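Analysis of the macromolecular model
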Amino acid sequence: MFNLLLVVLGCNISNLLQDRIQTAVYFVQQLNDTNVHWFLSGGIKNPNEDTITEAEKMANEIAKYNINNIQTNKNNNWTYIYDTKSTNTAENFIMLQHFIDDTNNTFIVYDDLYVVTSHFHYNRAHKFSEELLNVSPNWILGDLELEDSNYWEKMHIRNVKVDIHKAQNN
């Protein structure tokens, strides 16, 4: 069996999060004989509005698809790993690297690593991955974006180094 670590980056905007989930599930449904370890990365960004983490929201949605996946009998096994602490992209990748480091001390060996995010978020997420990961992931990108998504990414990409520094010192 092939062991795949599939990282889905959280988002506090529900339709963007749903697009990432659907993009990831579609990818996984194309696989055969694969152990998919879903690394669901996202905590609670707005505690006044949310009572459940982004990681838990993702798991609840993915579980609905898993029922259909079992019925198609592709011999895929799905396991969920929750990062419920991260509230931004820098923290997502810091927690992922901690997980990878911890996993290297066990008997799990991943044959491949994919990160799922939105297309508009890729450039910034890729910069974080280059700075914070000891491995180079493959990327799966959802197409949905909001009217102002690209504007905000242009603003946020300027702060990658600062965001990493803040996240590492929390």
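Anything mentioned here points back to the structure above.
Residues numbered from 1 in each chain as written. Predicted model: local features only at pLDDT ≥ 70, side-chain atom pairs only at ≥ 80, totals over all residues. Heavy atoms only, no water.

**Concerning the environment of Lys-45**
Let me state the cut-off plainly: A run of H or I in DSSP becomes a helix once it reaches four residues, and a run of E becomes a strand once it reaches two; helices and strands are each numbered from the N terminus. Here the term buried applies to any residue with accessible area under 20% of the maximum for its type, exposed to any over 50%, and partly exposed to those in between, with areas from a 1.4 Å probe on protein chains only.
Note on placement: Lys-45 falls in the loop between β2 (34-41) and α2 (54-72). Lys-45 sits in the partly exposed class, given a relative accessible area of 44%. It is 21 Å that separates the C-alpha atoms of Lys-45 and Leu-132, two residues lying 87 residues apart in sequence.

**Overview of the pattern of salt bridges**
Keep this limit in mind: Salt bridge, as applied in this entry: a Lys or Arg side-chain nitrogen positioned within 4 Å of an Asp or Glu carboxyl oxygen.
Evaluation of the coordinates by the stated rule reveals 4 salt bridges. Lys-57 serves as the salt-bridge partner of Asp-50, at 3.3 Å between the closest nitrogen and oxygen.

**Structural notes on the environment of Phe-128**
Applicable threshold: For this analysis, residues touch if any pair of their heavy atoms sits within 4.5 Å.
Structurally, Phe-128 is set in helix α4 (residues 122-132). Sequence spacing of Phe-128 and Ala-90 is 38 residues, and the spatial spacing of their C-alpha atoms is 6.1 Å. With sequence-adjacent residues up to four places away left out, Phe-128 is seen in contact with Thr-89, Ala-90, Phe-93, Leu-133, Val-160, Asp-163 and Ile-164.

**Remarks on the sheet that holds β2**
Which entries qualify depends on this criterion: A pair of strands counts as paired when DSSP detects no fewer than two bridges linking them. Fitted lines through C-alpha atoms serve as axes, helices being fitted only where they are in contact, and the angles separating the N-to-C directions of these axes extend from 0 to 180 degrees.
The 5 strands lie next to each other as β3-β2-β1-β4-β5, forming an open sheet whose pairing is parallel. Edge positions in the open sheet fall to β3 (77-83) and β5 (138-142), since each of these has one partner strand only. Neighbour to neighbour, the strand axes of the sheet diverge by 20° on average, direction disregarded. Strand direction decides the pairing type here: strand β4 (residues 112-118) and β5, joined by 5 bridges, are parallel. What sits directly across from Val-116, in β5, is Ile-140. Sitting on the sheet, α4 touches β1 (2-9), β4 and β5, and the angle it makes with β5 is about 155°.

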